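Chain by chain, the residues run as shown.
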Amino acid sequence: MNTLSQTAIDNDKRYCWHPFTQQQDWCAPENNPLMIARGHGCWLWDTEGNKYLDGNSSIWTNIHGHCHPVISQAIKNQLDIIAHSSFLGFGHPLAGELAAKLVSLFPPRTLERVFFSDDGSTAMEVALKLSLQYRIQQKDPAQHKRCHFIAMDNCYHGDTLGAASLGGVSTFFEKFQGVGHLCHHVADLNTLFALPQEHLDTVSALVIEPLVQGVNQIHLWSKGMLSTLRQWTQEHGIHLILDEVMTGFGRTGTLFACMQESITPDFLCCAKGLTGGYTPLAATLCTREIYEGFLGTHEEQKTFYYGHSFTAHPLGCAAALASLRLFEETPLLSALPSKALYARNALQRLADKHPHIYEIRQIGLVIGIDIRQPDGTHFPEKERIGTQICDHARQAGLLTRPILDTIVLMPPLCITETEIDHCITALDYALTTQFS
Ligand SMILES: *Cc1c(COP(=O)(O)O)cnc(C)c1O
């Protein structure tokens with residue numbers, strides 16, 4: 001191991017604390033974590049000079065590849081103008097331009113206002129708090145009772161306390177029971193429709209990851225579910241909050257997932273891919289109706305008292321505008337269906353060869369590969385088969401992470417067919433190594 005790697009690992013193991021990570025395992029002498037040194041396109045290089053395909057888009061963020069000259073240049077240009085100024089009390093040209101651009105992506109008179117924040121969790125916090133505060137500020141006293149949320153079983157909406165309290169993955173929240181929002185979880189539409197009217201009268205908003213739940217092992221919702229939900233929430237006076245943090249910006253094959261069912265929500269949250277995955281920046285879009293519920297004189301106290309130090313960060317806005325320009329000026333979106341099909345066919349051939357592939361779930365370039373015993377039963381969780389397979393794939397030049405025993409493949413959208421082949425070859429090697 002070279003000295004750069006050694007120093008990086010020593011410092012890391014001595015001082016850092018990693019997300020969602022048991023540090024005792026991470027810091028164990030036998031654990032040899034990769035230190036990523038640089039990236040280009042779909043590829044990452046570690047400090048040893050080894051090259052890997054970035055199979056999960058650097059945790060579901062990257063869209064156009066690393067070090068894309070257009071995005072990098074946009075950030076560099078902005079850096080020479082100013083890195084950061086306050087959005088509290090001032091504005092700046094890029095924020096307005098970006099907000100206008102985001103609004104223009106949706107049909108007229110649907111989502112019309114943009115509240116900026118830093119990441120997916122804070123974009124969700126903003127939507128949740130806006131929904132609740134909106135209710136309190138309505139004249140109709142029946143609205144004031146609406147202080148609950150509905151979310152889906154096994155959903156994931158982020159890790160800050162408010163967003164996490166909606167989360168349906170019990171491992172992530174069981175130690176924090178009793179704090180956060182009041183939230184009722186439902187498994188599906190039938191359970192939702194069976195909720196008693198008295199309960200529905202207390203609900204402010206329903207929150208959902210449209211089309212696909214990422215963290216829930218790439219669980220796909222059935223076709224038409226989202227548009228049914230839109231109609232139902234409208235009929236019941238319940239806000240619909242779409243968490244497009246993962247699905248936004250082309251991931252599922254359309255610019256936003258909700259476009260596949262031709263609906264728009266009351267709130268739409270985006271983050272991860274907003275800047276092409278280059279810097280943290282998030283946006284919560286909402287309707288004019290919501291926005292107008294906050295207008296009034298200072299004394300009326302309808303102000304939304306919420307914000308972060310780095311709200312509408314100029315470097316993030318520059319990156320986001322450059323990323324959106326790439327969507328406009330390159331055939332990236334129109335090429336997605338054929339890339340997704342190419343991946344689907346290649347994965348099908350892989351599944352035909354490997355009996356341990358139980359199921360492949362895919363929408364756009366969001367792919368979950370379920371690994372089970374050939375008779376369809378799950379491996380014992382403690383065997384951590386998914387982790388082992390991803391470790392083998394890493395030997396073959398593919399970086400990705402499993403969710404339990406589901407291997408997630410979510411490459412940057414700029415991936416080529418040759419690079420998809422590389423992923424398949426690496427997975428083939430990993431499965432062969434694991435099971436022979
Ligand atoms: C990643 C993610 C979040 C949280 O975003 P952060 O930027 O990590 O705070 C929320 N919702 C979904 C669907 C996500 O995939």
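Residues numbered from 1 in each chain as written. Predicted model: local features only at pLDDT ≥ 70, side-chain atom pairs only at ≥ 80, totals over all residues. Heavy atoms only, no water.

Visitor: Just checking my understanding: could you explain the overall build of the protein for this structure?
Guide: Counting secondary structure elements, the protein contains 17 helices and 17 strands. The globule rule puts the C-alpha radius of gyration for 436 residues at 22 Å, and the 22 Å found for the protein is close to it. By its C-alpha atoms, the protein is 65 × 55 × 45 Å across when sized along the principal axes. For the protein, buried positions account for 53% of its 436 residues. A separation threshold of at least 6 residues defines the contact pool for the protein, and within that pool the share at least 24 residues apart is 70%. (Helix = DSSP H or I, 4+ residues; strand = E, 2+ residues; numbered from the N terminus. Rg over C-alpha atoms; globule rule 2.2 N^0.38 Å. Buried < 20%, exposed > 50% of the residue type's maximum accessible area, 1.4 Å probe, protein only. Contact = heavy atoms within 4.5 Å.)

Visitor: Sorry, what's going on with unusual backbone geometry here?
Guide: With glycine set apart, most residues show a phi of negative sign, and most peptide bonds adopt trans. The phi angle at Ile59 is positive, at roughly 50 degrees, despite the residue not being glycine. Mapped onto the elements, Ile59 comes out in helix 3 (residues 57-60). Residue classification places Ile59 among the partly exposed residues on the basis of a relative accessible area of 47%. The backbone of Gln301 sits at a positive phi, close to 60 degrees, despite the residue not being glycine. Assignment of secondary structure puts Gln301 in the loop between helix 13 (288-292) and helix 14 (314-329).

Visitor: Is there a simple way to think about the site of the ligand in this case?
Guide: As a structural note, the neighbourhood of the ligand is formed by Trp60, Asp119, Gly120, Ser121, Tyr156, His157, Gly158, Glu209, Asp243, Val245, Met246 and Lys272. When the free accessible area of the ligand is taken as 380 Å², the share hidden by the protein chains comes to 84%. (Near = heavy atom within 4 Å. Areas by Shrake-Rupley, 256 points an atom, 1.4 Å probe, with all protein chains shown as cover.)

Visitor: I'm lost on the sheet that holds strand 1 (residues 36-40) in this one. Help?
Guide: Backbone hydrogen bonds are what pair the strands of a sheet, in a parallel or an antiparallel way. Taking strand neighbours across the sheet as the criterion, the four strands line up as 1-2-3-15 in an open arrangement whose pairing is mixed. The sheet is open, and its two borders are formed by strand 1 and strand 15 (398-399), each paired with just one other strand. As defined by bridge partners, strand 3 (residues 51-54) adjoins strand 15 across two bridges and the pair is classed as parallel. Bridge pairing links Asp54 to Leu399 in strand 15. (Pairing = 2+ DSSP bridges.)

Visitor: Which parts of the structure should I look at to understand the packing of aromatic side chains?
Guide: Pairs of aromatic rings are described using the distance from one ring centre to the other and the angle between the two planes. Summed over the entire model, instances satisfying the criterion amount to eleven aromatic pairs. Plain terms: the ring middles of Phe106 and Phe256 are 4.9 Å apart, the flat faces sit at 40 degrees to each other, and that makes the pair tilted. Of the two residues, Phe106 is situated in the loop between helix 5 (93-104) and strand 4 (111-117) and Phe256 in the loop between strand 10 (239-243) and strand 11 (267-270); the sequence distance between them amounts to 150 residues. Neither Phe106 nor Phe256 differs from the other in exposure class; each is buried. Pairing Phe115 with Phe304 gives two aromatic rings, centres 5.3 Å apart and planes at 75 degrees, and the pair type is edge-to-face. Here Phe304 lies in the loop between helix 13 and helix 14 and Phe115 lies in strand 4, a separation of 189 residues in the sequence. Taking relative accessible area as the criterion, Phe304 reaches 15% and is therefore assigned buried. Grouped by ring-pair contacts, the aromatic residues Phe115, Phe294, Phe304 and Tyr306 constitute a single cluster. (Phe/Tyr/Trp six-rings, centres within 6.5 Å; stacked < 30°, edge-to-face > 60°.)

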